[in-house]
Amino acid sequence: MTLRRLSTRLLVSTSLAISATSAVEAAPPVPTDIAPVAAADPGSTLSPDWKHGPFMEIYVRGYQDSNGDGIGDLRGLIARLDHLQSLGIRGIWLMPVMRSQDKDHGYSTSDYRDIEQDYGTLADFDELLKQAHARGIGVIIDYVINHSAADHPLFRHAESSPKSPWRDWYVWEKDKPEGWHIYGNTPWYETDHGWYFAGFYSEMPDFNLKNPKVLDWHHDNLRFWLNRGVDGFRFDAVGNLVEHGPLAWEGQPENHVIMNGVRQLVGRYANRYMVCEAPGDPLAFGQPDSCGCSFAFGHQHKLVGGALGSPAMLEQVASYFETAPATMATFASNHDGFAGARLWDRMRGDDKAYRLVAATYLLQPGTPFLYYGEEIGLAGGKGLSGDHKLRTPMSWTADTQTGGFTTAEPFRALSANVATHNVAAQVGDPNSILSFYKSLIALRNSRPSLQKGRYEAPKSTGWVVSFQRVHEGERTVVVLNYGVQPAATTVAGLPAKQALRPLWPAAGRATRSNAQGQARVKLAPQSFAVYAVDVAK
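So, how was this worked out
Residues numbered from 1 in each chain as written. Predicted model: local features only at pLDDT ≥ 70, side-chain atom pairs only at ≥ 80, totals over all residues. Heavy atoms only, no water. Helix = DSSP H or I, 4+ residues; strand = E, 2+ residues; numbered from the N terminus. Buried < 20%, exposed > 50% of the residue type's maximum accessible area, 1.4 Å probe, protein only. Contact = heavy atoms within 4.5 Å. Areas by Shrake-Rupley, 256 points an atom, 1.4 Å probe, with all protein chains shown as cover. Lys, Arg positive; Asp, Glu negative; His and termini not counted. Charge placed at Lys NZ, Arg CZ, Asp CG, Glu CD. Pairing = 2+ DSSP bridges. Axes fitted to C-alpha atoms, helices over the stretch in contact; angles between N-to-C directions. Salt bridge = Lys/Arg side-chain N within 4 Å of Asp/Glu carboxyl O.

1. Digging into the overall build of the protein chain
Part 1 of the reasoning: Tallying secondary structure elements over the protein chain gives 16 helices and 20 strands in all.
Part 2 of the reasoning: For the protein chain, the C-alpha atoms occupy an extent of roughly 95 × 50 × 45 Å along the three principal directions.
Part 3 of the reasoning: Across the 537 residues in the protein chain, those meeting the buried criterion constitute 58%.
Part 4 of the reasoning: Across the protein chain, contacts joining residues at least 24 apart in sequence account for 67% of those joining residues at least 6 apart.
Part 5 of the reasoning: As displayed, the protein chain has an accessible area near 21000 Å², and 54% of this comes from carbon and sulfur atoms.
Part 6 of the reasoning: Seen as two clouds, the 51 positive and the 55 negative side-chain charges of the protein chain have centres 9 Å apart.

2. Description of the sheet that holds strand β12 (residues 367-371)
Where strands meet in a sheet, backbone hydrogen bonds hold them as pairs that are either parallel or antiparallel.
Part 1 of the reasoning: The seven strands are arranged β10-β9-β5-β2-β1-β12-β11 in an open sheet whose pairing can be described as parallel. The open sheet has two free edges, formed respectively by β10 (273-276) and β11 (329-331), since each of these has just one partner strand. Direction aside, the axes of adjacent strands within the sheet are offset by 25° on average.
Part 2 of the reasoning: Pairing analysis gives four bridges linking strand β9 (residues 232-235) to β10, with the strands arranged parallel. Pairing of arginine 234 across the sheet is with valine 275, part of β10.

3. Structural notes on the pattern of salt bridges
Part 1 of the reasoning: According to the stated counting rule, one finds 20 salt bridges in the structure shown.
Part 2 of the reasoning: Between arginine 391 and aspartate 336 there is a salt bridge; the shortest N-O distance is 3.2 Å. Of this pair, arginine 391 sits in the loop between α13 (386-390) and α14 (423-426) while aspartate 336 sits in the loop between β11 and α11 (343-346), and the two are 55 residues apart along the sequence. With respect to burial, arginine 391 and aspartate 336 carry one shared label: buried.
Part 3 of the reasoning: Among the ionic pairs, arginine 355 bridges to aspartate 351, the shortest N-O distance being 2.6 Å. Separated by four residues within a single helix, arginine 355 and aspartate 351 lie in helix α12 (residues 351-363), roughly one turn from each other.
Part 4 of the reasoning: Overlapping salt bridges, with partners in common, bring together Asp142, Arg234, Asp236 and Glu277 in one network.

The values reported here are purely geometric and, on their own, carry no functional implication.
Printed below as a string of structure tokens:
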């Protein structure tokens, strides 16, 4: 037995270790989350447009504590739904809420059909769905399809014997395969009965997704949650599902086949939504024969780089949706360090540049995902590093001990700017970041063209980017000046001799297109303007 597994598998006391029976271990527990689940769609009360967002990504552990243990929970989230509704959020993505081995980030799932005990119960989850739906907010949950926790009963059984009925549910080799290097490490780990594959971490063994029984089981798990009324899923690490050797462990064709099957399953339920994480090839997974929707990895770096002073990146921002599917999920930051630091930290406290990033991805095509706290300029956790710095408690008040997140000691250090950037300080300030997000999201939610319209006439000239969004008879023009000097630009491709009515700022100056369908727009430094094109009847 390897030392790595000894601490979790030693079942006899020191006093019995000298006896003949000391080598006998208790049988692993029988898995409880393996029963078949038939489809039973409860329907949906949400508007069909909820799927266009905006969404809020929420780390439940860090959002709101309801019972004074210093850890966020589902009841705490329920208590904050009014904040999300007032912000204009149409959907929330919950980072993993199923039982996990890690009891922190949640991506090592130990029970696919139950709630993490720190967060509450299935009854609490049902109440969250009820309360969110009453506010017109959909709820999607993280689903880890690539791997389970090492302490999941399925893996415990698979590890216990080569004759286990679940042995082929994971990836095994009798001898250690050579030549493998994933993220700088070997992905193969030794047990008493062979070597198992774990691409991310030894405590997260990969499923054998070439085994149809494993896929059937995952489908049963998805139906379990869909039957309860969940509105969809965010799928983790879909580029890593199938491996064909040390040089072919990511981006294999079977991954798209697997996720297309999942997409079809989810699509058999009314008004549901799914999105995939595939940093290695996001555009491929955004296609209709794969996930159908994928996070726009890479685009967030161009947004930030452009706002910080790179005209070359602004060109890429403007052209992105000329080729990318309109279903891409856009974002500025998330819970993973490889996606970048918290947006406030990346923008180095430049409030105007911060707002330009938000305006760009909220007004471009795609389904926008905010990361909790972005709406107040939340900074990373004080004194923290790595992913923990990104997953700090939410700042509800200026209290530097609790941030209004809990009545106890928080499970992790608070945001570095909790004293200045918190909901209580901003909610009544018309010039605050929170008020800016509310107004901008309200504008987006009021214009079908901004929610789901075509992307037309993108243009990038120096520090100025412009584009148009068109849906049926509605046309919206967006012009952004990322520079620190005033700028003017000519917007082309408009209907001839039509008024451009200012939507942002509301007190902005109207203009008009000429006979060639062009209009001249002037902008203050680091500002943007939005116009409705009023076509004459």
